[in-house]
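What follows is the residue order along each chain.
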Amino acid sequence: MKILLVDDEPALTEPLSRLLTREGYTVDVATDGRVGSNLAIGGNYDLLILDWMLPRLTGLQICQQLRDRGDLTPVLFLTAKDTLDDRVIGLDAGADDYLVKPFELRELLARVRALLRRVQPIDPHPTQSRLQVDALELDLDNQLAYVHGRSIELSEKETQLLGYLMQNAGQILPHSQIQAYLWGQDTPPSSNVLAALVRLLRRKIEVKGSPELIQTVYGKGYRIGFKQLTVDS
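Residues numbered from 1 in each chain as written. Predicted model: local features only at pLDDT ≥ 70, side-chain atom pairs only at ≥ 80, totals over all residues. Heavy atoms only, no water.

### As for the sheet that holds strand S10 (residues 173-174)
Link 1 in the chain: One open sheet accounts for three strands, arranged S10-S12-S11; its pairing is antiparallel. The open sheet is flanked by S10 and strand S11 (214-217), the only strands paired with a single partner.
Link 2 in the chain: Summarising the sheet, S11 and strand S12 (residues 221-224) pair through four bridges and their orientation is antiparallel. Pairing of Ile-214 across the sheet is with Ile-224, part of S12.
Link 3 in the chain: Taken strand by strand, helix H6 (residues 156-167) contacts S10, S11 and S12, and its axis lies near 70° from that of S12. (Pairing = 2+ DSSP bridges. Helix = DSSP H or I, 4+ residues; strand = E, 2+ residues; numbered from the N terminus. Contact = heavy atoms within 4.5 Å. Axes fitted to C-alpha atoms, helices over the stretch in contact; angles between N-to-C directions.)

Below you can see the structure in the form of structure tokens.
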């Protein structure tokens, strides 16, 4: 697991980075908000530990920038701000947890472990052979969708996209997250490619006059279904 620690207090960053390294994590450290932001955007981290008050760019601004980009990397704030209003502001900005200075290192480690447990990468070739959301079913092994019993042949990419949406039924998946899942982090195509793939998939699985199966959440991404996902192994 890879962690980015952004704090301008060497008295904290040095022992904390050593501790996290001893726990088996790979740790990068930045003491400047602008540098931390650049690392966070391009570093593919599993967890960000951000001080609230930083030179040039605050931890709050870094978190907001990431969330605006659709980056869902867990964020743990370290701060001396301990009022309820401060906590609400931090969480509204997209933080996942909040630790007030001074704190016990064992508590920080516990919170780090809890946040990293939420990072569950999804296998592009899931072991489940069949997914279902409402009247839509997907046979992953045979690349077949079923809508009210009608079978529809899908391409490999269409199957991967539909499976990813169905595995996360009811959740908004940002464009960047879907692109990274389908094409990897290094060479994602333009957003037009994803839009075209969604359009093709809709033509195949959606019935004219019926509610949309794949919903566009403008400015954010795509979502499928609101009801609970059923998985058959």
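Let's pick the thread back up.
### Brief notes about the sheet that holds strand S4 (residues 75-79)
The pairing of strands in a sheet happens through backbone hydrogen bonds and is either parallel or antiparallel.
Link 1 in the chain: As summarised here, the arrangement of the five strands in space is S2-S1-S3-S4-S5, forming an open sheet in which the pairing is parallel. The sheet terminates laterally at strand S2 (26-30) and strand S5 (97-100), the two strands that pair on one side only. Recorded for the sheet is a direction-independent mean angle of 20° between the axes of neighbouring strands.
Link 2 in the chain: Sheet analysis places strand S3 (residues 47-51) next to S4, joined by four bridges and oriented parallel. Within S4, the residue paired with Leu-48 across the bridge is Val-75.
Link 3 in the chain: Sitting on the sheet, helix H1 (residues 10-22) is in contact with strand S1 (2-6), S2, S3 and S4, with an inclination near 165° to S2.
Link 4 in the chain: Of the strands in this sheet, S1, S2 and S3 are in contact with helix H2 (residues 33-42), which crosses S1 at around 165°.

### Some points on the nonpolar core
Link 1 in the chain: Residues Leu-161, Leu-162, Ile-178 and Ile-205 are the most contacted members of the largest nonpolar core, which totals 27 residues.
Link 2 in the chain: Where this core is concerned, the elements lending two or more residues are strand S6 (130-133), strand S7 (136-139), strand S8 (144-147), H6, helix H7 (175-183), helix H8 (191-205) and S12.
Link 3 in the chain: Leaving out residues up to four positions away in the same chain, Leu-161 has contacts with Ile-178, Leu-182, Leu-194, Leu-197, Val-198 and Leu-201. (Core = buried A, V, L, I, M, F, W, Y, C linked by side-chain atoms within 4.5 Å. Buried < 20%, exposed > 50% of the residue type's maximum accessible area, 1.4 Å probe, protein only.)

### Topic: the pattern of salt bridges
Link 1 in the chain: Evaluation of the coordinates by the stated rule reveals 10 salt bridges.
Link 2 in the chain: The salt bridge involving Asp-139 is made with Arg-130; its shortest N-O contact spans 3.9 Å.
Link 3 in the chain: With a relative accessible area of 10%, Asp-139 lands in the buried category.
Link 4 in the chain: The salt bridge partner of Lys-204 is Glu-158, with a shortest N-O separation of 2.8 Å. You can see Lys-204 sitting in helix H8 and its partner Glu-158 sitting in helix H6, a full 46 residues away along the chain.
Link 5 in the chain: For Glu-158, a relative accessible area of 4% puts it in the buried group.
Link 6 in the chain: Each of Asp-7, Glu-9, Asp-51 and Lys-101 takes part in salt bridges that share partners, so that together they form one network. (Salt bridge = Lys/Arg side-chain N within 4 Å of Asp/Glu carboxyl O.)

### As for helix H3 (residues 59-68)
Link 1 in the chain: Of the residues making up H3, those classed as buried are Gly-59, Leu-60, Ile-62, Cys-63 and Leu-66. All buried residues of H3 project into a common sector of 160° when viewed along the axis, lining one side.
Link 2 in the chain: After H3 finishes, the residue Gly-70 shows a positive phi value of roughly 85°. (Arc of directions from axis to C-beta.)

### A closer look at the pairing of S4
Link 1 in the chain: Burial analysis of S4 places five of its five residues in the buried class, which makes it a mostly covered element.
Link 2 in the chain: Side-chain alternation along S4 places Val-75, Phe-77 and Thr-79 on one buried face and Leu-76 and Leu-78 on a second face that is also buried.
Link 3 in the chain: In terms of handedness, the path from S3 via H3 over to S4 forms a crossover that is right-handed.
Link 4 in the chain: As judged from the four bridges shared by S4 and S5, these two strands associate in the parallel manner. By the bridge assignment, Phe-77 is partnered in S5 with Tyr-98. (Right-handed = clockwise from strand over helix to strand, strands pointing away.)

### Observations regarding the side chain of Thr-13
Link 1 in the chain: Examined against the element boundaries, Thr-13 turns out to sit in helix H1.
Link 2 in the chain: A relative accessible area of 5% means that Thr-13 is categorised as buried.
Link 3 in the chain: Once residues lying within four places of it in the same chain are set aside, the contact partners of Thr-13 are Leu-5, Asp-7 and Val-29.

### Considering the environment of Thr-159
Link 1 in the chain: Looking at the secondary structure, you find Thr-159 in helix H6.
Link 2 in the chain: Residues Thr-159 and Leu-201 lie 42 residues apart in sequence; the distance between their C-alpha atoms is 9.0 Å.
Link 3 in the chain: Once residues lying within four places of it in the same chain are set aside, the contact partners of Thr-159 are Leu-138, Leu-140, Gln-143 and Leu-154.
Link 4 in the chain: A distance of 2.8 Å separates a polar side-chain atom of Thr-159 from the backbone oxygen of Ser-155. (Polar contact = N/O pair within 3.5 Å; in protein donor to acceptor, adjacent residues only side chain to side chain.)

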